[in-house]
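Structural overview for review
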Amino acid sequence: LLRRARARGSRRRFDVSGVRGVLDSFEIVEFNAALAAAAFEFVDRFLLSGSDAAHLATAAALARRAGRRWFTFATSDLDQAAAARWAGLRTVTPGP
(Lines give C-alpha, C1' and ligand atoms only; values in the text may rest on other atoms or scores of the structure.)
Protein backbone atom coordinates (compact mmCIF):
# COMPACT_ATOMS: atom_id res chain seq x y z
CA LEU A 1 0.00 0.00 0.00
CA LEU A 2 2.76 2.39 0.87
CA ARG A 3 4.51 1.71 -2.42
CA ARG A 4 1.30 2.29 -4.39
CA ALA A 5 0.58 5.53 -2.57
CA ARG A 6 4.08 6.79 -3.21
CA ALA A 7 3.84 5.79 -6.88
CA ARG A 8 0.71 7.92 -7.17
CA GLY A 9 2.61 10.84 -5.66
CA SER A 10 0.90 10.80 -2.28
CA ARG A 11 2.84 12.55 0.45
CA ARG A 12 0.47 11.36 3.14
CA ARG A 13 2.14 9.76 6.14
CA PHE A 14 0.85 6.40 7.32
CA ASP A 15 0.61 5.45 10.98
CA VAL A 16 2.00 1.92 11.18
CA SER A 17 2.11 1.69 14.99
CA GLY A 18 -0.97 -0.56 15.05
CA VAL A 19 0.55 -2.85 12.46
CA ARG A 20 3.70 -3.27 14.52
CA GLY A 21 1.62 -4.37 17.50
CA VAL A 22 -0.10 -7.04 15.44
CA LEU A 23 3.16 -8.24 13.91
CA ASP A 24 4.72 -8.53 17.36
CA SER A 25 2.08 -11.13 18.23
CA PHE A 26 3.22 -13.45 15.43
CA GLU A 27 5.79 -16.17 15.95
CA ILE A 28 8.28 -16.85 13.19
CA VAL A 29 8.87 -20.55 12.68
CA GLU A 30 11.90 -21.79 10.79
CA PHE A 31 10.89 -24.38 8.22
CA ASN A 32 13.39 -27.13 8.95
CA ALA A 33 13.94 -30.75 7.94
CA ALA A 34 11.47 -32.08 10.54
CA LEU A 35 8.70 -29.81 9.26
CA ALA A 36 9.53 -30.74 5.67
CA ALA A 37 9.24 -34.45 6.53
CA ALA A 38 5.86 -33.85 8.19
CA ALA A 39 4.71 -31.84 5.17
CA PHE A 40 5.73 -34.62 2.79
CA GLU A 41 3.67 -37.06 4.87
CA PHE A 42 0.61 -34.82 4.48
CA VAL A 43 1.23 -34.62 0.73
CA ASP A 44 1.56 -38.40 0.44
CA ARG A 45 -1.31 -39.32 2.72
CA PHE A 46 -3.85 -36.60 1.85
CA LEU A 47 -2.67 -35.33 -1.57
CA LEU A 48 -2.38 -31.77 -0.25
CA SER A 49 -0.51 -29.10 -2.18
CA GLY A 50 2.98 -28.35 -0.95
CA SER A 51 1.99 -25.01 0.57
CA ASP A 52 -1.09 -26.47 2.31
CA ALA A 53 1.04 -29.30 3.69
CA ALA A 54 3.74 -26.88 4.88
CA HIS A 55 1.15 -24.71 6.64
CA LEU A 56 -0.40 -27.74 8.29
CA ALA A 57 2.95 -29.21 9.38
CA THR A 58 3.89 -25.88 10.93
CA ALA A 59 0.50 -25.55 12.65
CA ALA A 60 0.79 -29.07 14.08
CA ALA A 61 4.25 -28.27 15.46
CA LEU A 62 2.99 -25.02 17.01
CA ALA A 63 -0.01 -26.84 18.50
CA ARG A 64 2.29 -29.40 20.13
CA ARG A 65 4.36 -26.57 21.59
CA ALA A 66 1.43 -24.43 22.72
CA GLY A 67 -0.84 -27.22 23.88
CA ARG A 68 -3.48 -28.63 21.60
CA ARG A 69 -6.43 -27.46 23.69
CA TRP A 70 -5.47 -23.85 22.98
CA PHE A 71 -5.07 -24.33 19.25
CA THR A 72 -7.66 -24.41 16.47
CA PHE A 73 -6.72 -24.83 12.81
CA ALA A 74 -8.98 -22.84 10.47
CA THR A 75 -9.26 -23.74 6.80
CA SER A 76 -11.92 -23.69 4.10
CA ASP A 77 -10.23 -26.65 2.38
CA LEU A 78 -12.03 -29.85 3.43
CA ASP A 79 -9.05 -32.09 2.56
CA GLN A 80 -6.72 -29.92 4.63
CA ALA A 81 -9.24 -29.98 7.50
CA ALA A 82 -9.34 -33.80 7.35
CA ALA A 83 -5.55 -33.92 7.45
CA ALA A 84 -5.51 -31.51 10.40
CA ARG A 85 -7.98 -33.69 12.33
CA TRP A 86 -5.84 -36.75 11.53
CA ALA A 87 -2.89 -34.84 13.04
CA GLY A 88 -4.95 -34.33 16.20
CA LEU A 89 -5.87 -30.69 15.66
CA ARG A 90 -9.24 -29.17 16.41
CA THR A 91 -10.52 -27.58 13.21
CA VAL A 92 -13.00 -24.99 12.09
CA THR A 93 -14.17 -24.68 8.51
CA PRO A 94 -15.78 -21.32 7.82
CA GLY A 95 -18.35 -21.02 5.11
CA PRO A 96 -21.97 -21.62 4.28
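Before going into details, it helps to say that this report is about the structure given with it. (Residues numbered from 1 in each chain as written. Predicted model: local features only at pLDDT ≥ 70, side-chain atom pairs only at ≥ 80, totals over all residues. Heavy atoms only, no water.)

**Brief notes about the side chain of glutamine 80**
Put simply, the rule reads: Secondary structure follows DSSP: runs of H or I at least 4 residues long count as helices, runs of E at least 2 residues long count as strands, and numbering of each begins at the N terminus. Any pair of nitrogen or oxygen atoms within 3.5 Å is treated as a polar contact; in protein, a donor-acceptor pairing is required on top of that, and neighbouring residues in sequence qualify only through side-chain atoms on both sides. The contact criterion used is simple: two residues touch if any of their non-hydrogen atoms lie within 4.5 Å.
Following the sequence through the fold, glutamine 80 ends up in helix H5 (residues 78-86). Only 3.1 Å separates the side chain of glutamine 80 from the backbone oxygen of aspartate 52, close enough to count as a polar contact. Contacts of glutamine 80, omitting those with residues within four sequence positions, involve Leu48, Asp52, His55, Leu56, Phe73 and Thr75.

**Quick notes on the nonpolar core**
One recurring pattern in soluble globular proteins is that nonpolar side chains are buried together. The following threshold applies: Among buried residues, the Ala, Val, Leu, Ile, Met, Phe, Trp, Tyr and Cys ones that are joined through side-chain atoms within 4.5 Å form a nonpolar core. When a residue's accessible area, from a 1.4 Å probe over protein chains only, is under 20% of the maximum for its type it is buried; when over 50% it is exposed; and in between it is partly exposed.
Counting 17 residues, the largest nonpolar core has Phe42, Leu48, Leu56, Phe71, Phe73 and Leu89 as the members making the most contacts within it. Elements that contribute at least two residues to this core include exactly helix H3 (33-46), helix H4 (50-66) and H5. When neighbours within four sequence positions are excluded, leucine 89 is seen to be in contact with Leu56, Ala59, Ala60, Ala63, Arg68, Phe71, Phe73 and Ala84.

**A closer look at the pattern of salt bridges**
For the record, the criterion: The term salt bridge refers to a pairing of a side-chain nitrogen on Lys or Arg with a carboxyl oxygen on Asp or Glu at a separation within 4 Å.
Tallied over the entire structure, the rule returns one salt bridge. Glutamate 41 serves as the salt-bridge partner of arginine 45, at 3.6 Å between the closest nitrogen and oxygen. You can see arginine 45 and its partner glutamate 41 sitting in helix H3, four residues apart, about one turn around the helix.

**Examining a nonpolar patch on the surface**
Just so we agree on the cut-off: Within the patch definition used here, like charges are joined within 9 Å and nonpolar side chains (Val, Leu, Ile, Met, Phe, Trp, Tyr) within 5 Å, considering only residues with over 30% relative accessible area and no salt bridge. Every accessible area reported is derived by Shrake-Rupley at a probe size of 1.4 Å, with residue values counting cover from the shown protein chains alone.
A grouping of Val19, Val22, Leu23 and Phe26 is seen on the molecular surface, where their side chains present a nonpolar patch of about 400 Å² in accessible area. Following the sequence through the fold, phenylalanine 26 ends up in the loop between helix H2 (17-24) and H3.

**Quick notes on the packing of H3 against H5**
Applicable threshold: The convention used is that axes are lines fitted to C-alpha atoms, helices contributing only their stretch in contact, and that angles between N-to-C directions extend from 0 to 180 degrees. When describing relative orientation, an angle under 35 degrees is termed roughly parallel and one over 145 degrees roughly antiparallel, while 65 to 115 degrees is termed roughly perpendicular and anything else oblique. Two helices crossing with the near one rotated counterclockwise from the far one by less than a right angle form a left-handed crossing, whereas a clockwise rotation gives a right-handed crossing. Nonpolar residues are Ala, Val, Leu, Ile, Met, Phe, Trp, Tyr, Cys and Pro. Charged residues are Asp, Glu, Lys and Arg, and all others, Gly as well, are polar.
Where H3 contacts H5, the two axes come as close as 11 Å, and the packing angle between them is 120 degrees. On the basis of their axis angle, the class for H3 and H5 is oblique. Handedness of the crossing formed by H3 with H5: right-handed. Residues Glu41, Phe42, Arg45 and Phe46 of H3 form the contact with H5, whose own contacting residues are Ala82, Ala83 and Trp86. The residue makeup of the contact of H3 with H5, split by class, is five nonpolar, no polar and two charged.

**Some details on the packing of H4 against H5**
Following both chains from N to C, one finds H4 and H5 inclined at 30 degrees, their axes separated by 11 Å at the closest point. Here H4 is positioned roughly parallel relative to H5, judged by the angle of their axes. Regarding H4 and H5, the two cross each other, and that crossing is right-handed. Between H4 and H5, the contacting residues are Asp52, His55 and Leu56 on the first element and Gln80, Ala83 and Ala84 on the second.

**Section: the packing of aromatic side chains**
What counts is decided by this rule: Ring pairs are drawn from Phe, Tyr and Trp, using the six-membered ring of Trp, whenever the two centres fall within 6.5 Å, and their geometry is named by plane angle: stacked under 30 degrees, edge-to-face over 60, tilted for the rest.
Under the counting rule described, the total for this entry stands at three aromatic pairs. Between phenylalanine 42 and tryptophan 86, the aromatic rings sit 6.1 Å apart at their centres with planes inclined by 85 degrees, giving edge-to-face as the arrangement. A residue pair is termed long-range when its members are at least 10 positions apart, and phenylalanine 42 in helix H3 and tryptophan 86 in helix H5 qualify at 44 residues. Take phenylalanine 42: its relative accessible area is 4%, and that puts it in the buried class. Aromatic ring contacts, followed pair by pair, group Phe42, Phe46 and Trp86 into a single cluster.

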